[in-house]
Amino acid sequence: MKNRVCTLRLPASVNPRSVWKEAAGSHSCEAMDDTVYVQTFFDTFDWRLFNRDLVLLHENDRYLLYRLPDRETVASLSLPCGTGPVYSTDFPEGPLKEILRAHLSVRALLPLARARTRRQTVRVLNRNEKTVVIAKLEQARVADAARNGQLFNTMALRSVRGYEKHLRRLNRSLCAAGAEPQTEDLFHAATRAAGRKPGDYSSKLSIVLEPDLNGAEAAKRILGHLFRKIRRNEAGIKEDIDTEFLHDFRVGIRRTRSALSQIKSVFPDVPLGRFRKDFSYLGKLTNRLRDLDVALLKQETYRSLLPGYLRSRLDPLFESMRAERTGEHRRLAAALDGARYRKIAADWEAFLEGPQESVSPDNAEAPAKGLAQRFIGKRYSRVIELGAAIDASTPDADLHRLRIECKKLRYLLEFFSSLFPAGEIRLIVDHLKSLQDKLGDFNDFSVQQADMKNYLRALPSEKTHPETFAAIGGLIGCLYREQQTVRAAFSKTFAEFNRAEVAATFRRLFA
């Protein structure tokens with residue numbers, strides 16, 4: 001019991017009315033409220049609220065954001081029935097929207113679990129008819145896959161200040177009558193019944209490798225982890241829930257391709273060559289849709305770069321992008337349902353789960369940690385060599401090449417991080433990520449300019465307002481200036497990555 005609050009769980013086999021009647025026999029009770037709620041718990045697919053100890057609950061027409069540890073409400077609002085906001089931007093202005101916008105970014109809210117709950121509130125009085133405790137009995141039936149529903153009954157008691165002894169007495173009586181200390185709340189019970197476990201998906205890698213693994217065993221564990229992430233995102237892409245499903249799917253494919261090319265000589269060349277081609281095909285299949293997603297997500301930023309009178313003139317550009325995106329999404333969804341993708345997935349899974357080959361390549365039996373040190377050290381040297389050679393006269397293509405090398409280094413560090421001290425890996429990755437972000441911005445500005453030029457050329461001059469040409473041309477100019485700003489700051493960004501502390505850590509771990 002903490003402070004003046006006590007929460008108990010009533011097993012499904014125990015009659016809540018009988019328990020309460022027996023426990024509260026020494027007090028008189030006065031009913032305050034008796035309401036039935038349909039409750040829906042929301043979060044993103046990757047649990048962005050839960051990871052911050054928050055839960056978003058919808059009860060009838062009210063949204064409640066509360067802290068999971070103490071159930072204290074952080075923000076709430078009422079919306080008309082049928083409103084059904086999906087993204088943080090769909091909520092009206094106010095504290096709830098601000099908090100959701102900060103935590104959710106572009107992810108959609110999904111209804112992860114439901115319950116139908118009867119909540120009875122009772123005022124407990126002493127002999128002088130003073131209120132000493134407020135009791136809430138919640139009788140919930142949580143929806144499960146079999147659609148039978150599971151009972152989840154709880155009782156929450158809150159004492160009035162100065163009457164804590166009555167709370168203690170009621171607590172003892174309730175436990176004697178069959179109640180138990182609550183170890184699980186309705187949120188966890190409902191999500192479990194719905195087949196989900198809070199935190200069961202994250203876009204971050206959490207691969208645990210034991211030091212005694214050999215190269216082939218470690219590679220299969222890494223690739224299996226990546227494959228499960230790829231598969232988890234298929235449905236969200238096809239249903240077009242939000243753009244992060246495609247993003248995570250693509251990252252899984254890129255990491256897989258990187259692992260196949262960098263963790264060398266642990267598998268036979270046959271069938272590895274075929275799988276490299278398969279994942280290259282999947283990467284190309286998603287490229288255009290992701291480019292369109294990025295551009296459409298940035299449309300308000302693009303508008304803000306232009307004078308006010310030109311902003312609406314970008315509408316034809318974004319309408320064209322949305323139309324193209326519809327076609328690209330339809331094409332990708334069909335491919336994910338198609339025979340070629342199903343065969344790739346089935347064959348890859350069979351390869352990962354199959355036995356190790358009897359004839360092993362050179363690195364198959366080598367200790368995984370030694371291989372990691374060799375691969376990472378070599379890639380790091382390549383990054384330093386390329387980065388140190390870049391100056392004001394270096395072609396843009398060299399910065400793009402460095403970006404790819406940094407990405408490969410980052411993937412290797414993520415794959416094998418569990419074999420090295422966590423603090424030192426985190427130091428390296430944090431500095432590498434800063435360099436990657438700048439190089440990524442540089443590349444994005446390049447791609448976006450090329451896209452805008454293509455749209456500009458495709459616009460029919462006889463049907464297009466002259467100011468639309470001016471708006472797109474102005475936007476290209478703004479993107480070019482932003483790109484040059486990033487480039488001008490490159491030497492400082494690279495120096496931060498190549499600082500003595502980071503270089504010494506690399507040498508200590510991977511030399």
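Residues numbered from 1 in each chain as written. Predicted model: local features only at pLDDT ≥ 70, side-chain atom pairs only at ≥ 80, totals over all residues. Heavy atoms only, no water.

All right, on to the overall build of the protein chain then. The secondary structure content of the protein chain amounts to 18 helices and nine strands. C-alpha extents for the protein chain along the principal axes are approximately 90 × 70 × 50 Å. Residue burial in the protein chain is summarised as follows: out of 511 residues, 48% are buried. Taking all contacts inside the protein chain whose residues are at least 6 apart in sequence as the whole, residues at least 24 apart take part in 70%. A total of about 25,600 Å² of accessible surface is found on the protein chain, and carbon and sulfur atoms cover 50% of it. (Helix = DSSP H or I, 4+ residues; strand = E, 2+ residues; numbered from the N terminus. Buried < 20%, exposed > 50% of the residue type's maximum accessible area, 1.4 Å probe, protein only. Contact = heavy atoms within 4.5 Å. Areas by Shrake-Rupley, 256 points an atom, 1.4 Å probe, with all protein chains shown as cover.)

Now for the sheet that holds strand β7 (residues 131-142). With antiparallel pairing, nine strands are arranged side by side in an open sheet as β5-β4-β3-β2-β6-β7-β8-β1-β9. Sheet topology places β5 (73-78) and β9 (180-181) at the edges, where each strand pairs with a single neighbour. Two strands pair when backbone bridges link them, and strand β2 (residues 28-43) and strand β3 (residues 54-59) are joined in this way by four bridges, in the antiparallel orientation. By the bridge assignment for β3, F41 is matched with L57. The strands touched by helix α1 (residues 16-23) within the sheet are β1 (5-10), β2, β6 (110-125), β7 and β8 (150-159), with β6 carrying the most contacts at an inclination of about 30°. (Pairing = 2+ DSSP bridges. Axes fitted to C-alpha atoms, helices over the stretch in contact; angles between N-to-C directions.)

Before going further, it helps to examine a positive patch on the surface. On the surface, R127, K165, R168, R169 and R172 cluster together into a patch of positive charge. Along the chain, K165 falls in helix α3 (residues 164-176). (Patch = residues over 30% accessible without salt bridge, like charges linked within 9 Å, V, L, I, M, F, W, Y side chains within 5 Å. Salt bridge = Lys/Arg side-chain N within 4 Å of Asp/Glu carboxyl O. Lys, Arg positive; Asp, Glu negative; His and termini not counted. Charge placed at Lys NZ, Arg CZ, Asp CG, Glu CD.)

Scanning all chains against the criterion turns up 37 salt bridges. D34 is paired through a salt bridge with R118; the nearest N and O atoms lie 2.6 Å apart. Pair noted here: D34 is in strand β2 and R118 is in strand β6, with a separation of 84 residues, a long-range link. Residue R196 pairs with D200 through a salt bridge whose shortest N-O separation is 2.8 Å. Residue classification places D200 among the partly exposed residues on the basis of a relative accessible area of 28%. Salt bridges here are not isolated pairs; linked through shared partners, they connect D46, R48, R107, D242 and E244.

Its place among the elements puts N363 in the loop between α12 (339-353) and α13 (368-388). Within the local environment of N363, its side chain forms a polar contact with the side chain of R374, the two groups lying 3.5 Å apart. Apart from residues no more than four positions distant in its own chain, N363 is found in contact with G215, A216, K264, S265, V266, L371, R374 and F375. (Polar contact = N/O pair within 3.5 Å; in protein donor to acceptor, adjacent residues only side chain to side chain.)

With that out of the way, let us pick up the side chain of Q483. With respect to the secondary-structure elements, Q483 resides in helix α16 (residues 466-488). Owing to a relative accessible area of 4%, Q483 belongs among the buried residues under this scheme. When residues no more than four places from it in sequence are discounted, the contact partners of Q483 are D396, F442, F445, S446 and Q449.

The next point concerns the packing of helix α14 (residues 396-416) against helix α15 (residues 422-458). At a minimum axis separation of 9 Å, α14 and α15 run at an interaxial angle of 145°. For the crossing formed where α14 meets α15, the hand is left-handed. Seen from α14, the contacting residues are D396, L399, H400, L402, R403, C406, K407, L409, R410 and L413; seen from α15, they are I425, I428, V429, L432, K433, L435, Q436, L439, G440, F442, N443 and S446. Along the lines of polarity and charge, the residues of the contact of α14 with α15 split into 12 nonpolar, five polar and five charged. (Left-handed = near helix turned anticlockwise from the far one by under 90°. Nonpolar A, V, L, I, M, F, W, Y, C, P; charged D, E, K, R; others polar.)

All right, on to the nonpolar core then. Counting 119 residues, the largest nonpolar core has I263, L413, F415, F416, F497 and F506 as its most contacted members. In terms of residues, this core owes the most to one element, α15, which gives 10 residues. In this view, F497 contacts Y380, V383, I384, L409, H431, L432, L435, V502 and F506; residues no more than four positions away in its chain are not counted. Listed in part, the 21 residues of the second largest apolar core include L10, L157, L167 and A179. (Core = buried A, V, L, I, M, F, W, Y, C linked by side-chain atoms within 4.5 Å.)

Taken together, the 11 bridges between β6 and β7 define a ladder with antiparallel strand orientation. Counted as the bridge partner of A115 is V142 from β7. Linkage of β6 to β7, two consecutive antiparallel strands, is achieved through a turn of five residues, within which E129 is found at a positive phi near 60°. As paired strands, β7 and β8 are joined by 10 bridges and run antiparallel to one another. Bridge assignment links E138 to a residue of β8, and that residue is T154.

Moving on, we come to unusual backbone geometry. In this model, N60 sits at a positive phi of 55°, which is unusual for a non-glycine residue. Looking at the element boundaries, N60 is found in the loop between β3 and β4 (62-67). Here the phi dihedral of S105 falls at roughly 55°; this positive angle occurs in a residue that is not glycine. By secondary structure assignment, the location of S105 is in the loop between α2 (95-104) and β6.

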